[in-house]
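Architecture at a glance
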Amino acid sequence: MKNLIVYSLLVVSVLVFSCAEKDNRDAKPYKFPIATLDSLVEEEEAIMNQTLNAEGKPQIKRYFLADTASYTLEFNKFNELETVCKYNGKGLMLWQENFYPSGQRMAHYSKNGDNRTGLAYADGFYEVYYDQGEIKERGMYKNDQLLWMLPFTRDRVAGDTIFYQLVE
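Scope of this entry: the structure provided in the associated data block.

Thresholds applied
Residues numbered from 1 in each chain as written. Predicted model: local features only at pLDDT ≥ 70, side-chain atom pairs only at ≥ 80, totals over all residues. Heavy atoms only, no water. Helix = DSSP H or I, 4+ residues; strand = E, 2+ residues; numbered from the N terminus. Buried < 20%, exposed > 50% of the residue type's maximum accessible area, 1.4 Å probe, protein only. Contact = heavy atoms within 4.5 Å. Areas by Shrake-Rupley, 256 points an atom, 1.4 Å probe, with all protein chains shown as cover. Patch = residues over 30% accessible without salt bridge, like charges linked within 9 Å, V, L, I, M, F, W, Y side chains within 5 Å. Salt bridge = Lys/Arg side-chain N within 4 Å of Asp/Glu carboxyl O. Lys, Arg positive; Asp, Glu negative; His and termini not counted. Charge placed at Lys NZ, Arg CZ, Asp CG, Glu CD. Core = buried A, V, L, I, M, F, W, Y, C linked by side-chain atoms within 4.5 Å. Pairing = 2+ DSSP bridges. Axes fitted to C-alpha atoms, helices over the stretch in contact; angles between N-to-C directions. Phe/Tyr/Trp six-rings, centres within 6.5 Å; stacked < 30°, edge-to-face > 60°. Polar contact = N/O pair within 3.5 Å; in protein donor to acceptor, adjacent residues only side chain to side chain.

**Some remarks on the overall build of the protein**
Helices and strands together make up the secondary structure of the protein, namely two helices and ten strands. For the protein, the N- to C-terminal ordering of α and β elements is α-α-β-β-β-β-β-β-β-β-β-β. Among the 168 residues that make up the protein, the fraction classed as buried is 32%. Contacts in the protein between residues far apart in sequence, at least 24 positions, make up 20% of those at least 6 positions apart. Carbon and sulfur atoms make up 55% of the accessible area of the protein, which totals about 11,400 Å².

Given below as C-alpha cells:
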C-alpha cells in the first residue's frame, strides 16, 4: 500500500510538471537560408539567374541544383523576401512558402502540379504561422480545395477543427 501511494505521488508530480511546461513543438521560428543557396552558387554546385527591379535590386532569383530541384525566390521593392517556391526536376512546384517582412516564415503550402499544363495547385498539408513562428493554423487541401483547418491562439491552444464539404 505504501508503494502504491509513493508511485501515485510520483505520477501526479510528473503530470503536473509536464502540464506546466510550454509545448514548443508548434513553435517553428524559421528564416529561409538564402546564404546556403548563394554558397552553392559560389562553389559552382548550383546556377543562379536573377531579374532586377528598377533600383537594381533582385526582384526574382532562380537557383538550379543539377537536374533534381530548383528554387524561385521573389522579393518586394524593399529587397525583403516574400515568396519561395521549390520545383522538382520536371519543373513542377512541390511547395510554396510566404514570408513576413522580418524574414520569418508566414506560411508553407504543399503543392502538386499538372504535367499537361505545368500549373501548380494546393494539395496536401499547409501551416500558417504568427510573426514570431508560433503555429496559427494547420489544414489540408486536395486539388486546390480546402478540406479542413485547425486554428491556434498565440499561446498554441488549438480551437475546433473546421471541416469543409465540397459541393459540385
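Now, onward.
**Let's talk about a negative patch on the surface**
Together, Glu42, Glu43, Glu44 and Glu45 give the surface a local cluster of negative charge. Looking at the secondary structure, you find Glu43 in the loop between helix H2 (34–42) and strand E1 (47–52).

**Digging into the nonpolar core**
As a rule of thumb, nonpolar side chains are buried together in soluble globular proteins. Within the largest apolar cluster, 13 residues are counted, with the highest numbers of intra-cluster contacts made by Phe32, Ile34, Tyr71, Leu73, Leu81 and Val84. Among the elements of the structure, H2, strand E2 (58–65), strand E3 (69–75), strand E4 (81–88) and strand E5 (93–99) are those that each provide at least two residues to this core. Among the elements that take part in this core, E3 stands out by supplying three residues, more than any other. For Tyr71, the residues in contact, after removing those within four places along its chain, are Phe32, Leu37, Lys61, Arg62, Tyr63, Leu65, Val84, Cys85, Lys86 and Trp95. Ranked by size, the runner-up nonpolar core spans five residues in total, among them Ala107, Tyr126, Val128 and Leu146.

**A look at unusual backbone geometry**
Unusually for a residue other than glycine, Asn79 sits at a positive phi of about 65 degrees. Residue Asn79 is classed as partly exposed on the basis of its relative accessible area of 36%. Although it is not a glycine, Asn143 adopts a positive phi angle of roughly 55 degrees. You can call Asn143 partly exposed: its relative accessible area is 46%.

**Topic: the sheet that holds E3**
Across the sheet, ten strands lie side by side as E1-E2-E3-E4-E5-E6-E7-E8-E9-E10; this open sheet has antiparallel pairing. Both outer strands of the open sheet, E1 and strand E10 (162–163), are each paired with one neighbouring strand and no more. Across seven bridges, E3 lies against E4 in antiparallel orientation. Across the sheet, the residue bridging to Tyr71 is Lys86, located in E4. Across the sheet, H2 touches E1, E2, E3 and E4, and the angle it forms with E2 is around 60 degrees.

**Here we look at the packing of aromatic side chains**
Per the counting criterion, the structure on display carries seven aromatic pairs. Seen in terms of ring centroids, Phe125 and Trp148 are 6.3 Å apart; in terms of plane orientation they differ by 70 degrees. Their pairing is edge-to-face. One end of the pair, Phe125, is in strand E7 (residues 120–129); the other, Trp148, is in strand E9 (residues 145–151), and 23 residues separate them in sequence. Residue Trp148 is classed as partly exposed on the basis of its relative accessible area, which comes to 22%. Taken together through their ring pairs, the aromatic side chains of Phe32, Tyr71, Trp95 and Phe99 make up a single cluster.

**Describing the side chain of Lys111**
Mapped onto the elements, Lys111 comes out in strand E6 (residues 105–113). One buried charged residue, Lys111, remains without a salt bridge, the closest side chain of opposite sign being Asp144 at 5.6 Å. A distance of 3.4 Å separates the side chain of Lys111 from the side chain of Gln96, its partner in a polar contact. The residues contacting Lys111, other than those within four sequence positions of it, are Met93, Leu94, Trp95, Gln96, Tyr121, Ala122 and Asp123.

**Some thoughts on the environment of Ile47**
Relative to the helices and strands, Ile47 resides in strand E1. On the basis of relative accessible area, Ile47 is assigned to the exposed category, the value being 58%. The sequence separation of Ile47 and Ala66 amounts to 19 residues, and the corresponding C-alpha distance is 8.3 Å.

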